[in-house]
Amino acid sequence: MGKKGGKGVSDEDFVVTKRNGRNAKGKRGKAREELETSDIEDDLSSYVSNLSYQHIDKDSIGSGSLTGESGIEDNDVLDQQLDVSLEAAALKNSVVRIKNLKIIQELLSTKIMGETLFKRKGEMLDVLIKSFKIGKGAERLTTAQLTVLYGLQCGEEVDMEDLYNEIKPFLLAAIDDGNIDAAQRAKIIFKLSVLCFLCSDNMDDRKELLLVLRDKVKQVNPDVIINSLASISLILTICTPTERRNVIQMLLPTVRDLLKNSIVEVRIEAGEMIAHIFELGRDYDEEFDDQVKDLQDLLDDLDKLQSDGAKFRAKRDRKVQRASFREIFAFVSEEGEVNEQVKISLSETLTLCSWSERVQYGGIKEILGPATSLHLQQNIFVREIFGLGAVPLRMEPVTRGDKLEMKKLNAACHKARQKNMLKQRDKRMVL
């Protein structure tokens, strides 16, 4: 009996052994399942990457159209790219999600896809919300950028107010999240402001955001200060005169103090904000300058900054600061005006005649980057923002073959010019 008991297994040991065996099997099964899921996600991500560039000609980036045998085929390629990327952006693997969010971001930047996106607005919104909920700093920043691009692409085809109200809580939470890097939070602040500029006509939304931005301006991090000032300038362009008056009275002393900041970018942003404030103030009150406290002291500060030659500052900083504050001082002292020409295409130019227009253009350009000209040419919603009217008839894009012919012609001209110069040089030589 004792010998049998020594070799045998008690009921309690049997239960423990069975439970451990089941757990081990469960872990193995779970690991196998995770491995299979990871393989599927990797395959899908690889497929999306290949698909994203398989049918795109490098010359078509920025032209708004894919090269293919027909327009129908090109639209099918875009639809397929977007569908696969949206599906992959909803997976569990964060690396795969971010990668595909960036693929969608690139598509929305370099292509005009308003109708294609509108058909998938439900899937797009689900992806954005999920990424905000479970993503970390980098993913939230990418998602914020993608949200603004989505608004720019769809324009009035979607309910912009609903889009802003859906996304605003996630962006407000992100800019107060201490786990996110300060530089990333600063960029998210600006994305939130551009989204408000595009989507919201609600005075309460603007007031809420401006109060948040006022607190951010008082922080220490220069990136946060710069993006908060730029955001306030952008929101002020769509405010009523009463809203502007309240914000200006509340904010002007703080902005004046930032002219003494040790970071040149902060000083320049504060100076441009002051110039914008004076423009807005003069719009609603012709005697605005007389109401500014210690106006002469402010002009003296601006004058010192436009002629600052302190050797302890970097040479580049001195050069950039003087160039910027010459324009700012001239505008505040009513000796200059804003007149900037932006070339959109060979036949079209955008003229910026005020600080408000310059601020709006800067905000859109910050989002679109190199694709700004494309959207100014072909994006109806962006053209409406700047009063450019209907989209003009498109000219045939320059193909790669045409570019090669031009390159060969230029090379031949250069060679002939060099030969002629050598002949002239030989004639002048003294024998």
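Everything numeric in this text was worked out from a predicted model, so none of it was measured.

Asker: Please give an account of the overall build of the protein that cites residues and values.
Answerer: Counting its regular elements, the protein contains 20 helices and two strands. Looking at the protein as a whole, 45% of its 431 residues are labelled buried. By sequence separation, contacts in the protein at least 24 residues apart represent 67% of the contacts at least 6 residues apart. When the accessible area of the protein is evaluated, it comes to approximately 24400 Å², of which 52% is carbon and sulfur surface.

Asker: Give a description of a negative patch on the surface that names residues and reports values.
Answerer: On the surface, D294, D297, D300 and D303 cluster together into a patch of negative charge. Take D300: it is sitting in helix α15 (residues 295-306). By relative accessible area, which is 33% here, D300 ends up partly exposed.

Asker: Quick one: what's the story with the environment of G309, residue by residue and with numbers?
Answerer: When you line up the elements, G309 lands in the loop between α15 and α16 (315-332). Looking at G309, the relative accessible area reads 40%, which means it is partly exposed. A C-alpha to C-alpha distance of 10.0 Å links G309 and Q321, two positions 12 residues apart in sequence. Sequence-distant contacts of G309, that is, excluding residues within four places in its chain, are made with R318 and R322.

Asker: An account of the pattern of salt bridges is needed here, citing residue identities and associated values.
Answerer: Summed over the entire model, instances satisfying the criterion amount to 14 salt bridges. For K168, the salt bridge goes to D205, with nearest N and O atoms at 3.3 Å. Of this pair, K168 sits in helix α8 (residues 160-175) while D205 is found in helix α10 (residues 203-217), placing the two residues 37 residues apart along the sequence. Among the ionic pairs, R358 bridges to E340, the shortest N-O distance being 3.1 Å. With R358 in helix α17 (residues 355-368) and E340 in strand β1 (residues 340-343), this residue pair connects regions lying 18 residues apart in the sequence.

Asker: For unusual backbone geometry, give the residues involved together with the corresponding values.
Answerer: The backbone of D294 shows a phi angle near 55°, a positive value even though the residue is not glycine. Relative to the helices and strands, D294 resides in the loop between α14 (288-291) and α15. A positive phi angle, near 60°, is found at E334, a position not held by glycine. As for its placement among the helices and strands, E334 is situated in the loop between α16 and β1. Classification of E334 as exposed rests on a relative accessible area of 58%.

Asker: How would you sum up the packing of aromatic side chains? Please name residues and give values.
Answerer: Taken as a whole and judged by the stated rule, the model has five aromatic pairs. Ring centres 5.8 Å apart and planes at 5° place the aromatic pair F132 and F170 in the stacked group. In this pair, F132 is assigned in helix α6 (residues 121-134) and F170 in helix α8, connecting sequence segments 38 residues apart. Classification of F132 as buried rests on a relative accessible area of 4%. In this structure F170 comes out as partly exposed when scored by relative accessible area, which is 21%. Taking 6.2 Å as the distance between ring centres and 70° as the angle between the ring planes, the aromatic pair formed by Y361 and F386 counts as edge-to-face. Linking Y361 in helix α17 with F386 in the loop between α19 (380-385) and α20 (400-428), this pair joins segments that are 25 residues apart in sequence. A single burial state applies to Y361 and to F386, both of which are buried. Counting every residue linked through ring pairs, the aromatic cluster contains F278, Y284 and F288. Across the ring face of F331, the terminal group of R282 is positioned such that the distance to the ring centre comes to 5.7 Å.

Asker: Break down the packing of helix α9 (residues 182-199) against α10 for me, with residues and values.
Answerer: At their nearest, the axes of α9 and α10 sit 11 Å apart, and the two run at 160° to each other. As far as their axial angle goes, α10 and α9 are roughly antiparallel. For α9 against α10, the interelement crossing comes out left-handed. Mapping the contact onto sequence places I189, L192, S193 and C196 in α9 and R206, L209, L213 and K216 in α10. For the contact of α9 with α10, a count of residues per class yields five nonpolar, one polar and two charged.

Asker: Give me the side chain of R244: which residues, what numbers.
Answerer: Considering the arrangement of structural elements, one finds R244 in helix α12 (residues 241-257). Despite its burial, R244 pairs with no opposite charge; the closest candidate is D283, at 4.7 Å N-O. Among the polar contacts made by the side chain of R244, one reaches the main-chain carbonyl oxygen of L236 at a distance of 2.9 Å. Setting aside anything within four residues of it in sequence, one finds R244 in contact with L236, T237, I238, C239, L280 and Y284.

Asker: Pulling in residues and values, what's your account of the packing of helix α7 (residues 137-154) against α9?
Answerer: Where α7 contacts α9, the axes come no closer than 10 Å and their chain directions differ by 20°. Our classification of the angle between α7 and α9 gives roughly parallel. The hand of the α7/α9 crossing is left-handed. In contact with G137, A138, R140, L141, A144, Q145, T147, V148 and L152 of α7, α9 contributes Q184, K187, I188, K191, V194, L195 and L198. The residue makeup of the contact of α7 with α9, split by class, is nine nonpolar, four polar and three charged.

Asker: Can you tell me about α12, naming the residues and giving the values?
Answerer: Since there are 3.6 residues in each turn of an α-helix, residues three or four apart along the chain are aligned in direction. Relative to the 24 Å expected for 17 residues at 1.5 Å per residue, α12 spans 24 Å between its end C-alpha atoms, a close match to the ideal helical length. The sharpest bend along α12 measures roughly 40° and falls at L251, with the proline P253 sitting one to four residues further on. Buried residues along α12 sit against α10, α11 (222-236), α13 (264-284), α14 and α15.

Procedures and definitions
Residues numbered from 1 in each chain as written. Predicted model: local features only at pLDDT ≥ 70, side-chain atom pairs only at ≥ 80, totals over all residues. Heavy atoms only, no water. Helix = DSSP H or I, 4+ residues; strand = E, 2+ residues; numbered from the N terminus. Buried < 20%, exposed > 50% of the residue type's maximum accessible area, 1.4 Å probe, protein only. Contact = heavy atoms within 4.5 Å. Areas by Shrake-Rupley, 256 points an atom, 1.4 Å probe, with all protein chains shown as cover. Patch = residues over 30% accessible without salt bridge, like charges linked within 9 Å, V, L, I, M, F, W, Y side chains within 5 Å. Salt bridge = Lys/Arg side-chain N within 4 Å of Asp/Glu carboxyl O. Lys, Arg positive; Asp, Glu negative; His and termini not counted. Charge placed at Lys NZ, Arg CZ, Asp CG, Glu CD. Phe/Tyr/Trp six-rings, centres within 6.5 Å; stacked < 30°, edge-to-face > 60°. Lys NZ or Arg CZ within 6 Å of the ring centre and 35° of its normal. Axes fitted to C-alpha atoms, helices over the stretch in contact; angles between N-to-C directions. Parallel < 35°, antiparallel > 145°, perpendicular 65-115°, else oblique. Left-handed = near helix turned anticlockwise from the far one by under 90°. Nonpolar A, V, L, I, M, F, W, Y, C, P; charged D, E, K, R; others polar. Polar contact = N/O pair within 3.5 Å; in protein donor to acceptor, adjacent residues only side chain to side chain. Expected span 1.5 Å × (residues − 1). Bend = angle between axes of the 7 residues up to and from the residue.

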